[in-house]
Amino acid sequence: MQKKRVVFNYPSHLVDQPVISKMIKDFDLVVNILRARITPKEEGRLVLEITGKKSSLDAGFKYLSEIGVEIQPLAQDVKWHEDRCTHCTACISICPTKALDVKRAHMEVSFNRDKCIACELCLPVCPYQAMEILF
Ligand code: SF4
Ligand code: SF4
């Protein structure tokens, strides 16, 4: 089994189509929607965690590409600007997945993209705009 965190970009004509239910029923995938929004151009943006066999994931992603859904890894859309981070730790207790964490011995903050679910909770608490989410 594999687990992937991805961002789907839907063209406007697919926004009301049952794409996610097809992923679940036809490709035997477990789909957890982490975030969803419609952009001002009426395109859909979904942040998803998808779990399934590698062959099912490959087949599901192939189907999506064929119908015009763009897929990108979530990591591309979340940025920690390390140069702006002062290691103040204000974000540590708010991050639900420990994507932002601190090594107490040195009070050094680090960011693990693989754990981030793009919930945006860290954005308003960071005094230095060190976290950026590009959607
Ligand atoms: S977006 Fe959410 S999960 Fe990601 S680092 Fe910020 S608080 Fe943590
Ligand atoms: S709140 Fe911002 S500056 Fe402070 S540790 Fe977190 S990312 Fe760095």
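Q: Before we go on, may I ask you to explain helix 2 (residues 54-67) in this structure?
A: A turn of α-helix holds 3.6 residues, and therefore any two residues three or four places apart point the same way. For helix 2, with 14 residues, the first-to-last C-alpha span of 20 Å sits near the 20 Å given by 1.5 Å per residue. Of all the positions in helix 2, only Ser56, Leu57, Gly60, Phe61, Tyr63 and Leu64 are classed as buried. Each buried residue of helix 2 lies within a common arc of 155 degrees when the element is viewed along its axis, so the set occupies one face. Exposed side of helix 2, more than 90 degrees from the buried face: Ser55, Lys62 and Glu66 are the residues found there. Gly68 occupies a position one or two residues after helix 2 and carries a positive phi of about 105 degrees.

Q: Help me understand the domain arrangement of the chain, please; the structure alone is not making it clear to me.
A: Many descriptions give the size of an interface as the accessible area lost when the pieces come together. Partitioning the chain into domains gives domain 1 (2-76) and domain 2 (81-135). Taking only C-alpha atoms, the centre of domain 1 and the centre of domain 2 are 26 Å apart. Taken residue by residue, the interface counts 10 residues in domain 1 and 10 residues in domain 2. When domain 1 packs against domain 2, the two sides together hide about 830 Å² of surface, and 56% of this comes from carbon and sulfur. Contact with domain 2 buries area across many residues of domain 1, yet Arg5, Arg35 and Ala75 alone supply 51% of it, more than any other trio. For the interface between domain 1 and domain 2, the tally reads one salt bridge. Linking Glu120 and Arg35 is a salt bridge whose minimum nitrogen-to-oxygen distance equals 3.1 Å. Inspection of the region where domain 1 meets domain 2 yields four residue pairs in polar contact (both at pLDDT 80 or more). Elements that contribute at least two residues to the side of domain 1 that touches domain 2 include exactly strand 1 (2-10), strand 2 (30-38) and strand 3 (44-52). The element best represented in the side of domain 1 that touches domain 2 is strand 2, accounting for three residues. A class-by-class count of the residues in the side of domain 1 that touches domain 2 yields five nonpolar, one polar and four charged.

Reading the values: rules and limits
Residues numbered from 1 in each chain as written. Chains lettered and ligands numbered in written order. Predicted model: local features only at pLDDT ≥ 70, side-chain atom pairs only at ≥ 80, totals over all residues. Heavy atoms only, no water. Helix = DSSP H or I, 4+ residues; strand = E, 2+ residues; numbered from the N terminus. Expected span 1.5 Å × (residues − 1). Buried < 20%, exposed > 50% of the residue type's maximum accessible area, 1.4 Å probe, protein only. Arc of directions from axis to C-beta. Domains from an automatic or database assignment. Contact = heavy atoms within 4.5 Å. Buried area = accessible area lost by both parts, 1.4 Å probe. Salt bridge = Lys/Arg side-chain N within 4 Å of Asp/Glu carboxyl O. Polar contact = N/O pair within 3.5 Å; in protein donor to acceptor, adjacent residues only side chain to side chain. Nonpolar A, V, L, I, M, F, W, Y, C, P; charged D, E, K, R; others polar.

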